[in-house]
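Per-entry structural report
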Amino acid sequence: MTYKIEATKDGKIIKTEYTEGKYSDAEKVMIKFSKEGFHANIKDVIEKDRKMELKFIGHNEAFKSNVKYQRDSYTIGNYNVARDTKAYEDGKTYEQFEISANCEKRFIPTIYFHQSFFDGEEKEFKIQTTSYGSLSPAEIQEVINGYQEALKVVNILTDKFLK
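Since this is a predicted model, take the numbers as computed values, not measurements. Residue positions are given per chain, counting from 1 as you read along its sequence in written order. With pLDDT at 70 or above as the cut-off, local features in this predicted model cover only qualifying residues; side-chain atom pairs require 80 or more to be listed or tallied, and sums for whole chains, interfaces and linings still use all residues. To get the side-chain values, all heavy atoms of the structure are used, and hydrogens and water are removed first.

**Examining the sheet that holds strand β4 (residues 55–64)**
For clarity, the threshold we go by: A pair of strands is labelled paired if DSSP reports no fewer than 2 bridges between them. A helix here means a DSSP run of H or I that spans at least four residues, while a strand means a run of E at least two residues long, and both kinds are numbered starting from the N terminus. Axis angles are defined between N-to-C directions and span 0 to 180 degrees, where every axis is a line fitted to C-alpha atoms and, for a helix, only to the segment in contact. What makes two residues a contact is simply this: any of their non-hydrogen atoms within 4.5 Å.
Within the open sheet, the four strands sit side by side as β4-β5-β6-β7. Their pairing is antiparallel. At either margin of the open sheet sits one strand with a lone partner, and together these are β4 and β7 (93–101). Taking the axes of each pair of neighbouring strands and ignoring which way they run, one obtains an average angle of 15 degrees across the sheet. Each of β5 (67–76), β6 (79–87) and β7 is contacted by helix α3 (residues 137–162), which is oriented at about 30 degrees to β6, the strand it contacts most.

Below you can see the structure in the form of structure tokens.
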């Protein structure tokens, strides 16, 4: 991610620096500014990183025993998404989504898809939560960033596929 760090003195922005990587990298810049006598703030991830786009990667399909199988592949943020659809002769369709992290980040939560097997009507994406125990403030920020990204991804997937 890209972070924007602002150094201020007497309420005026004196310096602005951008850093790539973890929140802890941004904290290092903030500490450097503080040692130079400035008040420093991390202004969050810059806007270009917050704009999530669902990017289409590819499509495959096959037929077997009068069932049409389709797989559409996408990428969004730090996730890969595979949308599998089974279409039966009687018109019923069932969807399944495989959502996996496409990075080595520690604090990227797992996203699951749930569809009722009884009627197929109940559909929703869920975000797995976990407890990490004691964490540094920088690690807490990474957890928060991970959940914020997962929420954005779930909202985009819901708007695209479930509404």
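From this point, things continue past the structure.
**With respect to the pairing of β6**
Bridging between β5 and β6 involves nine bridges; their strand directions are antiparallel. By the bridge assignment, glutamine 70 is partnered in β6 with threonine 85. Where β5 hands over to β6, the hairpin turn is made up of two residues, of which glycine 77 adopts a positive phi near 55 degrees. Taken together, the nine bridges between β6 and β7 define a ladder with antiparallel strand orientation.

**Some remarks on α3**
The cut-off we apply is this: How far a helix is expected to stretch is found by multiplying one less than its residue total by 1.5 Å. With a 1.4 Å probe rolled over the protein chains alone, any residue whose accessible area is under 20% of its type maximum counts as buried; one over 50% counts as exposed, and the rest are partly exposed.
Compared with an ideal rise of 1.5 Å per residue, which puts 26 residues at 38 Å, α3 spans 36 Å between its outermost C-alpha atoms and is within 8% of the ideal. For α3, the full list of buried residues reads Ala138, Val143, Asn145, Gly146, Glu149, Ala150, Val153, Val154, Leu157 and Phe161.

**Some thoughts on the confidence of the model for the protein**
Using the following cut-off: Values of pLDDT, which run from 0 to 100, indicate the predictor's confidence residue by residue.
Per-residue confidence for the protein gives a mean pLDDT of 84; residues scoring 70 or more make up 91%. Every residue in residues 46–50 scores below 50 in pLDDT, and together they form eleven contacts with partners more than four places removed in sequence or on other chains.

**Quick look at the side chain of aspartate 84**
To keep it simple, the criterion reads: As used in this structure description, the phrase polar contact means that two N or O atoms lie within 3.5 Å; if the pair is within protein, one of them must be able to donate a hydrogen and the other to accept it, and residues adjacent in sequence are counted only when both atoms belong to side chains.
Tracing the chain through its elements places aspartate 84 in strand β6. Engagement of the side chain of aspartate 84 in a polar contact is seen with the side chain of arginine 71, the distance being 2.6 Å. In this view, aspartate 84 contacts Gln70, Arg71, Tyr94, Glu95, Gln96 and Glu98; residues no more than four positions away in its chain are not counted.

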